[in-house]
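What follows is each chain in one-letter form.
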Amino acid sequence: MRAARLAFLAAMVITVAYGKASAAEFLTADSKGWHTWQVDEPSAITQMCCFSWKNGSTPRAGCNLDGHNIGFSDSGDCAVKPGTMQVYVYLLDGAPKDIRVLSSNCPVSTQSGLVDHGKMSAGDNLNWFRSVIEDKTLSGDAREEALFGLVQSGSDAAYDYLDKLLSHR
């Protein structure tokens, strides 16, 4: 039991050390605009999509990330096989302002452009979300969106982290 606990603590220290490095890649002071990456996680929620509202209807034209009238749905034609999710983050002066975790099959558009970081490991993704959740200088909205995104990953490591957060309250 003690060896398992020590191994877990060592893994947490390594995760925190490397987590800050991977988060720094995205949270530089001059980062701005929409950034995206794909995460392969067997337990990820992969049905979520958003659609822009127009005159009270929900056209299946996809999600305008820049829009303010966005509806989210986990039913529709955007679902993919479990295991792949797409993360979208709007950064302003290096700080996340909007975070969306969607199906990798959800069509999105943005007028400001999109920087695609390709695939990110589940561990690096977890570390990025942790860095946002734990950064008390960020807005409460961004931290809540990061928490929701972390839940959507569905990973055991994410739930272990959430359990630790709740046990410290």
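Chemist: Quick question: what am I supposed to make of helix H4 (residues 156-167) here?
Modeler: Taking 1.5 Å as the rise per residue, H4 with 12 residues should run 16 Å; its terminal C-alpha atoms sit 16 Å apart, in good agreement. Buried within H4 are the following residues: Ala158, Tyr161 and Leu162. Projected down its long axis, H4 carries its buried residues within an arc of 100 degrees, all on one side. Turned more than 90 degrees away from the buried face of H4 sit Asp156, Asp163 and Ser167, all of them exposed.

Chemist: Quick question: what am I supposed to make of the packing of aromatic side chains here?
Modeler: The way to describe two aromatic rings as a pair is by their centre distance and the angle between their planes. If you walk through the whole model with that rule in mind, you get three aromatic pairs. Here the aromatic rings of Trp37 and Trp128 are separated by 5.1 Å at their centres, their planes lie at 70 degrees, and the arrangement is edge-to-face. Note that Trp37 is positioned in strand E1 (residues 33-40) and Trp128 in helix H2 (residues 122-133), a separation of 91 residues in sequence. When sorted by exposure, Trp37 lands in the same class as Trp128, which is buried. An aromatic cluster of three or more residues is present, and its members are Trp37, Trp128 and Phe129.

Chemist: When you look at the pattern of salt bridges in this model, what are you seeing that I'm missing?
Modeler: A pair can form between side chains of opposite charge whenever their charged atoms are brought close. Evaluation of the coordinates by the stated rule reveals two salt bridges. Here Lys119 ties to Asp40 by a salt bridge, and the two come within 2.9 Å at their closest N and O atoms. In this pair, Lys119 is assigned in strand E8 (residues 114-120) and Asp40 in strand E1, connecting sequence segments 79 residues apart. We classify Asp40 as partly exposed; its relative accessible area is 37%. Measuring nitrogen to oxygen at the nearest pair gives 3.5 Å for the salt bridge that ties Glu134 to Arg130. Classification of Glu134 as partly exposed rests on a relative accessible area of 40%.

Chemist: I would appreciate a short explanation of the confidence of the model for the protein chain in the present structure.
Modeler: If pLDDT is low for a region, its predicted coordinates should not be looked at in detail. On average, residues of the protein chain carry a pLDDT of 74, and 62% of them reach 70 or more. Mean pLDDT per element in the protein chain: helix H1 (residues 2-26) is the minimum at 42, and H2 is the maximum at 92. In the predicted structure, residues 1-24 sits below a pLDDT of 50 and forms 11 contacts with residues beyond four places in sequence or in another chain.

Chemist: I tried to follow the pairing of strand E5 (residues 84-92) on my own but got confused; where do I start?
Modeler: Side chains on a regular strand alternate between the two faces of the sheet. The element E5 is extensively covered by neighbouring structure, given that seven of its nine residues are classed as buried. Sheet topology places E5 next to strand E6 (residues 95-103); eight bridges connect them, and they run antiparallel. When the bridges of E6 are listed, Gln86 appears paired with Leu102. Between the antiparallel neighbours E5 and E6 lie two residues, among them Asp93 with a positive phi of about 55 degrees.

Rules behind the numbers
- Residues numbered from 1 in each chain as written.
- Predicted model: local features only at pLDDT ≥ 70, side-chain atom pairs only at ≥ 80, totals over all residues.
- Heavy atoms only, no water.
- Helix = DSSP H or I, 4+ residues; strand = E, 2+ residues; numbered from the N terminus.
- Expected span 1.5 Å × (residues − 1).
- Buried < 20%, exposed > 50% of the residue type's maximum accessible area, 1.4 Å probe, protein only.
- Arc of directions from axis to C-beta.
- Phe/Tyr/Trp six-rings, centres within 6.5 Å; stacked < 30°, edge-to-face > 60°.
- Salt bridge = Lys/Arg side-chain N within 4 Å of Asp/Glu carboxyl O.
- pLDDT = per-residue confidence, 0-100.
- Contact = heavy atoms within 4.5 Å.
- Pairing = 2+ DSSP bridges.

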